[in-house]
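# Tertiary structure, described
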Amino acid sequence: MASRAEEKERRRQERLAGERAAAGAAQRRRRLQMGGLAAVAVAVVVGVVIAVAGGSGSSHSSSGPNPSSGGALLASTASEATGQPVDGVQCQTSEQVIFHIHAHLAVFVNGAAKIIPYGIGIPPPRQVEQTQAGPFVLSGACFYWLHSHTEDGIIHIESPIQRVYTLGNYFDLWGQPLGPTQVGPASGPVSAFVNGQPYTRDPRSIPLTAHAVVQLDVGTPKPAPAPFTFAGGL
């Protein structure tokens, strides 16, 4: 009979597998929305190369600022929090799922979409699995209650208490500035949208509620709010 610790680990692995599948599906949809048929062609080529190489995924450890699988990062995780509490948000050795919801963040700078890096809120050394949908962070030194496993903008809110977390909390964990005229290293007038509606307050105060779709446009032109559909399991 499996011990309690073994059973807990089994359930954790099952949950991670479900999140990987859901995040991969969401990321593929986002790539289709943003890249059209060209993104599909790239995905097919990548899939063939991976298959020829002998598998659909692999894992490696990462301790430095994470690279991107393509496109332009808004900012790396070089300035991220490394384990100390931030805004009352703690970093624990295992994920807390008493309060477990997801939100999505998209950022456009002068009309160009920027990639939100994987691993925000999961300090290194990270165990990263390479999948056909992109990198997926399996683990790290600890897990903040707000974190990202993937680079598709999905924010995981996994907390031992139910409270309202904000986009400002997330950027503080990332170590990046956020305000009416600043989003990470990008400066200029910021237009914020939540679930397709204009948000006129300081973007730091945007609440990360269940399935909130947040878009920040910096500078001009300012793209219209883009829809985002969460995959099953998220």
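Data block above holds the structure.
Just so we're clear, the structure is a prediction, and the values are computed from it rather than from any experiment. (Residues numbered from 1 in each chain as written. Predicted model: local features only at pLDDT ≥ 70, side-chain atom pairs only at ≥ 80, totals over all residues. Heavy atoms only, no water.)

### What to know about the overall build of the protein
When you go through the protein residue by residue, the secondary structure sums to 2 helices and 15 strands. Looking at the protein as a whole, 45% of its 234 residues qualify as buried. Long-range contacts, defined as pairs at least 24 residues apart, comprise 71% of the intrachain contacts of the protein with a sequence gap of at least 6. (Helix = DSSP H or I, 4+ residues; strand = E, 2+ residues; numbered from the N terminus. Buried < 20%, exposed > 50% of the residue type's maximum accessible area, 1.4 Å probe, protein only. Contact = heavy atoms within 4.5 Å.)

### Focus: unusual backbone geometry
Of all residues except glycine, most have a negative phi; of all peptide bonds, most are trans. Here Pro124 and Pro125 are connected by a cis peptide whose omega angle stands at 5 degrees. Tracing the sequence through the fold places Pro125 in the loop between strand S4 (112–114) and strand S5 (126–131). For the bond from Thr220 to Pro221, the omega torsion is 0 degrees, close enough to zero to count as cis. Position of Pro221 relative to the elements: it lies in the segment after strand S15 (213–218). Located in the positive-phi region is Asp87, a residue other than glycine, with phi close to 55 degrees. Within the secondary structure layout, Asp87 lies in the loop between strand S1 (58–62) and strand S2 (91–92). With a relative accessible area of 37%, Asp87 lands in the partly exposed category.

### Quick word on the sheet that holds strand S10 (residues 178–179)
The strand order across the open sheet built from 3 strands is S10-S11-S12, with neighbouring strands paired in antiparallel fashion. Edge strands, defined here as strands with exactly one partner in the open sheet, are S10 and strand S12 (186–187). (Pairing = 2+ DSSP bridges.)

### Digging into the pattern of salt bridges
A side chain with one charge can pair with a side chain of the opposite charge if their charged atoms come near. Per the stated rule, a full pass over the model turns up 2 salt bridges. Here Glu80 makes a salt bridge to Arg126, at a shortest N to O gap of 2.7 Å. Of this pair, Glu80 sits in the loop between S1 and S2 while Arg126 sits in strand S5, and the two are 46 residues apart along the sequence. Classification of Arg126 by relative accessible area gives buried; the value is 1%. For Asp172, the salt bridge identified is with Arg204, shortest N-O distance 2.9 Å. Here Asp172 is found in helix H2 (residues 167–174), whereas its partner Arg204 is found in the loop between strand S14 (197–199) and S15, with 32 residues between them in sequence. (Salt bridge = Lys/Arg side-chain N within 4 Å of Asp/Glu carboxyl O.)

### So, the state of the cysteines
Formally, a disulfide is one covalent bond, and it connects the sulfur atom of one cysteine to the sulfur atom of another. Scanning the model with the defined rule gives 1 disulfide in all. What pairs with Cys91 in a disulfide is Cys142, and their sulfur atoms sit 2.0 Å apart. The disulfide joining Cys91 to Cys142 has a torsion of about 100 degrees about its S-S bond and is therefore right-handed. Remark: Cys142 occurs in the loop between strand S6 (134–139) and strand S7 (143–144) and Cys91 occurs in strand S2; sequence separation between them is 51 residues. We classify Cys142 as buried; its relative accessible area is 8%. (Disulfide = S-S within 2.5 Å.)

### Here's the deal with the side chain of Gln215
Note that Gln215 resides in strand S15. Its relative accessible area of 2% is what places Gln215 among the buried residues. Only 3.4 Å separates the side chain of Gln215 from the backbone oxygen of Pro223, close enough to count as a polar contact. Apart from the residues lying within four places of it in its own chain, the contact partners of Gln215 are Ala106, Phe108, Ser191, Ala192, Phe193, Pro223, Ala224, Pro225 and Ala226. (Polar contact = N/O pair within 3.5 Å; in protein donor to acceptor, adjacent residues only side chain to side chain.)

### A short note on the pairing of S6
For a regular strand, side chains alternate in direction, first toward one face of the sheet and then toward the other. Burial runs high along S6: 5 of the 6 residues are buried. The pairing of S5 with S6 spans 5 bridges and is antiparallel. Directly across from Gln130, in S6, lies its bridge partner Pro135. Hairpin connection between S5 and S6: a loop of 2 residues separates the two successive antiparallel strands.

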